Amino acid sequence: MAVRAVRGAVQLERDEAGHMEEQVGALLTAVLERNELHTDDLISIWFTATPDLHCDFPAAAARKLGIVDVPLICAQELDIEGAMPRVVRLLAHIDSDRPRADIAHVYLGAAAALRKDIAQ
């Protein structure tokens, strides 16, 4: 097994805890499914949220999905003028036999515009 990293992002429609839980949950589920991962394959996950999101921690959605024994951390994204608003990003470190080129990075909805070069 090798340590690999998976990127992902989702743009929220509004700053509400239930909506964040739903959208971040969908992002995490897509990352796991598209990379054929189980929670045992997760090493750690970094979440960032743009400064306009205040309703909850993105990591709370992971805990509600049952990701309870994986180290998670949340941070604030840089406040760059003109940046896409209401975005949660993740960087997951995983154990995988997949070559780096075969890792599926997941950008849902409007967030696909952030990384057209790697979005699946």
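Remember, it's a predicted structure, so these values are computed and weren't measured experimentally.

Caption draft 1: Seen up close, the side chain of N35. Counting through the fold element by element, N35 comes out in the loop between α1 (17-34) and β2 (42-49). Excluding its chain neighbours within four sequence positions, the residues that come into contact with N35 are V6, R98, D102, I103 and A104.

Caption draft 2: Broad picture of unusual backbone geometry. Despite not being glycine, E36 shows a phi value in the positive range, around 50°. Turning to its location among the elements, E36 is positioned in the loop between α1 and β2. Even without being a glycine, R86 presents a positive backbone phi close to 55°. Looking at the secondary structure, you find R86 in the loop between β3 (72-76) and β4 (87-96). Taking the relative accessible area as the measure of exposure, R86 reaches 25% and is therefore partly exposed.

Caption draft 3: Representation of the environment of R86 within the structure. Placed 60 residues apart in sequence, R86 and A26 show a C-alpha to C-alpha distance of 16 Å. Ignoring any residue separated from it by four or fewer positions in sequence, one finds R86 in contact with V10, Q11, L12, E13, R14, T50, D52 and L53.

Caption draft 4: Up close: the sheet that holds strand β1 (residues 2-11). Strand order in the open sheet formed by five strands is β3-β2-β4-β1-β5, with mixed pairing between adjacent strands. Looking at strand neighbours, the two that pair on one side only are β3 and β5 (106-108), the edges of this open sheet. Strand after strand, the sheet turns through a mean of 15° between neighbouring axes, direction not considered. Sheet topology places β2 next to β3; five bridges connect them, and they run parallel. Note on β3: the bridge partner recorded for A49 is Q76.

Caption draft 5: Quick peek at the pattern of salt bridges. Evaluation of the coordinates by the stated rule reveals five salt bridges. Taking the shortest distance from any N to any O, the salt bridge between R14 and E16 comes out at 3.0 Å. Using a relative accessible area of 36% as the deciding quantity, one classes R14 as partly exposed. Where E36 meets R98, a salt bridge forms, and the shortest distance between an N and an O atom there is 3.7 Å. One end of the pair, E36, is in the loop between α1 and β2; the other, R98, is in the loop between β4 and β5, with 62 residues separating them in the sequence. Overall, the relative accessible area of 63% leaves E36 in the exposed class. Taken together, the salt bridges that share partners define one network made up of E13, R14 and E16.

Caption draft 6: Looking closely at α1. Here α1 contains 18 residues, and its C-alpha end-to-end distance of 25 Å stays within 8% of the 26 Å for a straight helix at 1.5 Å per residue. Among the residues of α1, H19, M20, Q23, V24, G25, L27, L28, A30, V31 and L32 are the ones counted as buried. Buried positions along α1 lie against β1, β2, α2 (58-64), β4 and β5. Where α1 ends, the next residue or the one after it, E36, has phi of about 50°, a positive value.

Quick notes on the rules
- Residues numbered from 1 in each chain as written.
- Predicted model: local features only at pLDDT ≥ 70, side-chain atom pairs only at ≥ 80, totals over all residues.
- Heavy atoms only, no water.
- Helix = DSSP H or I, 4+ residues; strand = E, 2+ residues; numbered from the N terminus.
- Contact = heavy atoms within 4.5 Å.
- Buried < 20%, exposed > 50% of the residue type's maximum accessible area, 1.4 Å probe, protein only.
- Pairing = 2+ DSSP bridges.
- Axes fitted to C-alpha atoms, helices over the stretch in contact; angles between N-to-C directions.
- Salt bridge = Lys/Arg side-chain N within 4 Å of Asp/Glu carboxyl O.
- Expected span 1.5 Å × (residues − 1).

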